[in-house]
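What follows is each chain in one-letter form.
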Amino acid sequence: MPKPKSRKSSRRRPNGAAITKLPKNAVTLVVTLRAKEGQHVLLEAELRALIGPSRKELGCLRFDLHACPDQPGAFLLHEVWGAREDHTAHTRTPHFLRWNARKDSLLASREAAFWHQLA
């Protein structure tokens, strides 16, 4: 006879969203970017080109691109890596090196910070 399924909490919020605890060494990188005048379409294309290959990398837990509806040309990258070393390895990949070579001609500003999950 099969074991009955456990009825313990599914670790979901009331709205159904899953609650995720990151691995101990995980880091979140939040990058805000603003396009130079007339460069927002090209900047978005370059950022979109990073998504697929980055998500396939070892240690990449999340790699999301957001656009600000109130500020055309403003973007946010939300990246979560299993460890800081995983992000360092990411910066040596062909797709990141391609981005790094092109970004200065597209960006008016860029701010980045690493974060650790507390709760």
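Note that the coordinates shown come from a computational prediction; the quantities given were computed from them, not determined experimentally.

**Structural notes on the confidence of the model for the chain**
Okay, step 1: For the chain, mean pLDDT is 91; residues scoring 70 or higher make up 89% of the total.
Okay, step 2: For residues 4–10, every residue scores under 50 in pLDDT, and the model assigns this stretch zero contacts once sequence neighbours within four places are set aside.

**Some details on the environment of Lys21**
Okay, step 1: Relative to the assigned elements, Lys21 resides in the segment before strand E1 (27–35).
Okay, step 2: The exposed category is assigned to Lys21, whose relative accessible area is 54%.
Okay, step 3: Sequence separation between Lys21 and Ala119 is 98 residues, and the spatial gap between their C-alpha atoms is 7.4 Å.
Okay, step 4: In this view, Lys21 contacts Gln117 and Leu118; residues no more than four positions away in its chain are not counted.

**Considering the sheet that holds strand E3 (residues 74–81)**
Okay, step 1: Ordered by their spatial adjacency, four strands build an open sheet running E2-E3-E1-E4, and the pairing between neighbours is antiparallel. Because the sheet does not close on itself, it has two edges, and the strands there are strand E2 (60–67) and strand E4 (107–115). Each neighbouring strand pair of the sheet contributes to a mean axis angle of 10°, computed without reference to strand direction.
Okay, step 2: As judged from the seven bridges shared by E2 and E3, these two strands associate in the antiparallel manner. Opposite Asp64, over in E3, you have His78 as the bridge partner.
Okay, step 3: Strand contacts of helix H1 (residues 40–55): E1, E2, E3 and E4, with the helix running at about 165° to E2, the strand carrying the most contacts.

So, how was this worked out
- Residues numbered from 1 in each chain as written.
- Predicted model: local features only at pLDDT ≥ 70, side-chain atom pairs only at ≥ 80, totals over all residues.
- Heavy atoms only, no water.
- pLDDT = per-residue confidence, 0-100.
- Contact = heavy atoms within 4.5 Å.
- Helix = DSSP H or I, 4+ residues; strand = E, 2+ residues; numbered from the N terminus.
- Buried < 20%, exposed > 50% of the residue type's maximum accessible area, 1.4 Å probe, protein only.
- Pairing = 2+ DSSP bridges.
- Axes fitted to C-alpha atoms, helices over the stretch in contact; angles between N-to-C directions.

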